[in-house]
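# Observations on chain architecture
Residue strings, one per chain:
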Amino acid sequence: MKNKDIKILLVDDEPDILEIISYNLSAEGYEVFTAKNGVEGVAKAKKKSPHLIIMDVMMPEMDGIEACEVIRNTPGLDHTIITFLTARGEDYSQVAGFDAGADDYITKPIKPKVLVSKVKALLRRLKDDKKEVEDIVKVGEIIINREEYKIVNDGEEMVLPRKEFELLSLLTSKPNKVFKREVILDKVWGNEVVVGGRTIDVHIRKLREKIGDHHFKTVKGVGYKFVL
């Protein structure tokens, strides 16, 4: 998909932020729409069906959290990528955003070049969602063989216990995407047994020891993500 075919919706009550972000994304060839509050943002999302929505949290009339919930429950928009703009240190906003169905967040202030790179990384998920699950995949320097439950990391082959492998397979299916703890429990453990949050932490610790600590990032109060 070419940039000119990708639609991005910006929702923020600060005109300066809308202008700066819109200018930089339009310069990359994206089709950009703007809205100044949550109510207007929801209406434009329904009308334009954007591929990506970048939305502020604190806005008049309807805040970003509520708008995200409405969009997530709108047919045809459930797979739209939603990322929040949050001020540095707003842990509550980040957790609330993920609970509402957001895919990621961008911390303000952010330099235009960094913003564009972040947007490109988010849009790569559109391609990832369309890929069929393959038996053997390569993520960075890691080769994952889903059929044989083994991996090759920096040339070293290793066989992982089933749950460690499934957890790694899930996190690497979408690098940089934060997987909420309840999603991990559901996808990896399902209804097999009743397990607590500490079970995830233990398996993450083991993966860090085997694969490399730098690949696994904890998002406090939310979950984990795999980074290259």
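Source: prediction; values computed, not measured. (Residues numbered from 1 in each chain as written. Predicted model: local features only at pLDDT ≥ 70, side-chain atom pairs only at ≥ 80, totals over all residues. Heavy atoms only, no water.)

On to the sheet that holds strand β2 (residues 31-35), then. Adjacent strands of a sheet pair through backbone hydrogen bonds, lying either parallel or antiparallel. The strand order across the open sheet formed by five strands is β2-β1-β3-β4-β5, and the pairing between neighbours is parallel. Both outer strands of the open sheet, β2 and β5 (104-108), are each paired with one neighbouring strand and no more. Sheet twist, expressed as the mean angle between neighbouring strand axes with direction ignored, is 20°. Summarising the sheet, strand β1 (residues 7-11) and strand β3 (residues 52-56) pair through four bridges and their orientation is parallel. Opposite L9, over in β3, you have I53 as the bridge partner. Helix α2 (residues 38-48) contacts β1, β2 and β3 of the sheet and is inclined by roughly 170° relative to β1. (Pairing = 2+ DSSP bridges. Helix = DSSP H or I, 4+ residues; strand = E, 2+ residues; numbered from the N terminus. Axes fitted to C-alpha atoms, helices over the stretch in contact; angles between N-to-C directions. Contact = heavy atoms within 4.5 Å.)

Per the domain assignment, the segments making up the chain are domain 1 (1-125) and domain 2 (134-224). The gap between the C-alpha centroids of domain 1 and domain 2 is 28 Å. Contact with domain 2 buries surface across domain 1, with V95, F98 and R125 losing the most and accounting together for 60% of the total. Where domain 1 packs against domain 2, one counts two salt bridges. Taking the shortest distance from any N to any O, the salt bridge between D103 and K177 comes out at 3.6 Å. Ranked by residues supplied to the side of domain 1 that touches domain 2, first place goes to helix α4 (residues 91-100) with three residues. Of the residues assigned to the side of domain 1 that touches domain 2, the class counts are two nonpolar, no polar and four charged. (Domains from an automatic or database assignment. Buried area = accessible area lost by both parts, 1.4 Å probe. Salt bridge = Lys/Arg side-chain N within 4 Å of Asp/Glu carboxyl O. Nonpolar A, V, L, I, M, F, W, Y, C, P; charged D, E, K, R; others polar.)

Another aspect to go through is the packing of α2 against helix α3 (residues 64-72). In the contact formed by α2 and α3, the axes pass within 9 Å of each other and the chain directions differ by 20°. Considering their axes alone, α2 and α3 lie roughly parallel with respect to each other. Of the two elements, α2 crosses α3, and the hand of that crossing is right-handed. Judged by residue contacts, G38, V42 and A45 of α2 engage A67, V70 and I71 from α3. Here the contact of α2 with α3 is built from residues that sort into five nonpolar, one polar and no charged. (Parallel < 35°, antiparallel > 145°, perpendicular 65-115°, else oblique. Left-handed = near helix turned anticlockwise from the far one by under 90°.)

Turning our eyes to something else, we now look at the pairing of strand β11 (residues 216-219). In this sheet, strand β12 (residues 223-226) lies alongside β11 in antiparallel orientation, the contact comprising four bridges. Bridge pairing in β12 links K217 to K225. Connecting β11 to the antiparallel partner β12 that follows it, the hairpin turn spans three residues, and G221 within it adopts a positive phi of roughly 80°.

Grouped together as the largest cluster of nonpolar side chains are 26 residues, with contacts concentrated most on L9, V11, I53, M55, C68, I71 and F84. Listed by contribution, the elements that provide at least two residues to this core are β1, β2, α2, β3, α3, β4 (81-87) and α4. Here this core takes four residues from α3, the largest share from any one element. Inspection of this core shows a minimum of three residues originating in each of domain 1 (1-125) and domain 2 (134-224). Each residue touching M55, except ones within four places of it in the same chain, is listed here: V11, G64, A67, C68, I71, I82, T83, F84 and L85. Counting 23 residues, the second-largest nonpolar core is a separate cluster that includes L168, L170, I204 and F226. (Core = buried A, V, L, I, M, F, W, Y, C linked by side-chain atoms within 4.5 Å. Buried < 20%, exposed > 50% of the residue type's maximum accessible area, 1.4 Å probe, protein only.)

A full pass over the atoms with the stated rule returns two aromatic pairs. With centroids separated by 5.6 Å and ring planes inclined at 80°, the aromatic side chains of F216 and F226 adopt a geometry described as edge-to-face. Of this pair, F216 sits in strand β11 while F226 sits in strand β12, and the two are 10 residues apart along the sequence. What makes F216 buried here is its relative accessible area of 4%. The cationic tip of K177 hangs over the ring face of F179; the distance from NZ or CZ to the ring centre is 5.7 Å. (Phe/Tyr/Trp six-rings, centres within 6.5 Å; stacked < 30°, edge-to-face > 60°. Lys NZ or Arg CZ within 6 Å of the ring centre and 35° of its normal.)

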